[in-house]
Amino acid sequence: VASIAEKMNLSLDKTVGLSIPDSAVFYLNKSTQADPLEGEFEVAERTTKDLKRITSEPYSEVGTSSNSLPQQFLLKYESLAKFRSYKWLYQNTKPESIRPYGGIIMPESLRKLQRDYVKECPNIKYAYYVWDGQLFTYLIKDLTYFLGINLMTLDEARMIKEELLLLIAELEKLAARGHHDNGNKVDLYISNTNFENTYSYIETSTLPVSMIRVFTMNYVTSLDVRIFGSLKNWIQSLKRVSILISESGEIQRVQFFKQQRAIVESIGI
């Protein structure tokens, strides 16, 4: 039934008819694997497959309000990608089995999937991000923590720091241009308020998807049209308390990225 519904683009939520008024079905995009890295591979494989289907549509739009850097930017860099995975491993491993950052080897199969995902993301016709102004602060706080409990060496932390500075330079160029190399438009907003979580939606000519991040890497998703409308309106409403730094707000853009470099440099390694 699920396969038929997927092929015919039918909503099972509406088909079965929910008995609880004003309710909606959410699906947890979670791995069934016991090993965290194998689980990450399973989720990455599923996500990349879904993304390619979305970008094949005539029109696709993604909106996100987030207090963390999106994976399509982090996964470009080896050390940042590994650090993202390491936090996931740390949270999903028993204390007696925790290994240091240097003891983790990233499977090449997973890295290939991540590179495929990064390569596909610019094919989304329009994307906009409303970011918590402290998102680099949160990441540096995580890095300082693992360095402080001796699960990471100074050299490893320096490598992550160097890649963060490269990422900031890349984002600044993207913001100045307002589009990817293929011409697809990107808007970056910096919020004057802090966010408690990451919310996203994907809209195509045939598919409305709402997503809420849970458990670091996973999302709960819904195909419910009402949920989609509410979440999209919420993300768009955050633009009112934010500054657009793509192709405009030049002074604010320069100041923002200058502040982010200072935050990264403040780690003092």
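Above this text you will find the structure in question.
Model, not experiment: these values are computed from the prediction.

How each quantity is defined
- Residues numbered from 1 in each chain as written.
- Predicted model: local features only at pLDDT ≥ 70, side-chain atom pairs only at ≥ 80, totals over all residues.
- Heavy atoms only, no water.
- Axes fitted to C-alpha atoms, helices over the stretch in contact; angles between N-to-C directions.
- Helix = DSSP H or I, 4+ residues; strand = E, 2+ residues; numbered from the N terminus.
- Parallel < 35°, antiparallel > 145°, perpendicular 65-115°, else oblique.
- Contact = heavy atoms within 4.5 Å.
- Buried < 20%, exposed > 50% of the residue type's maximum accessible area, 1.4 Å probe, protein only.
- Expected span 1.5 Å × (residues − 1).

Following both chains from N to C, one finds helix α7 (residues 135-148) and helix α8 (residues 154-177) inclined at 170°, their axes separated by 10 Å at the closest point. By the criterion of interaxial angle, the relationship of α7 to α8 is roughly antiparallel. Facing Phe136, Leu139, Ile140, Leu143 and Leu147 of α7, the residues of α8 in contact are Leu154, Ala157, Ile160, Leu164, Ile168 and Leu171.

With respect to the helices, strands and loops of the structure, Gln259 is situated in helix α10 (residues 250-265). A relative accessible area of 48% means that Gln259 is categorised as partly exposed. In the structure, Gln259 is positioned 125 residues away from Gln134 in sequence and 10.0 Å away in space, judged by C-alpha atoms.

Attention now goes to helix α9 (residues 225-237). If you check α9, its first and last C-alpha atoms are 18 Å apart, about what 13 residues at 1.5 Å a residue would give, namely 18 Å. If you check which residues of α9 are buried, you get Phe228, Leu231, Lys232, Ile235 and Ser237. As for α9, its buried residues are in contact with β2 (60-66), β3 (126-132), β5 (199-204) and β6 (208-214).

We now examine unusual backbone geometry. Despite not being glycine, Asn150 shows a phi value in the positive range, around 65°. By the element assignment, Asn150 lies in the loop between α7 and α8. In the Ramachandran plot, Glu247 falls in the positive-phi region, its phi being about 60° despite a non-glycine side chain. Position of Glu247 relative to the elements: it lies in the loop between β8 (242-244) and α10.

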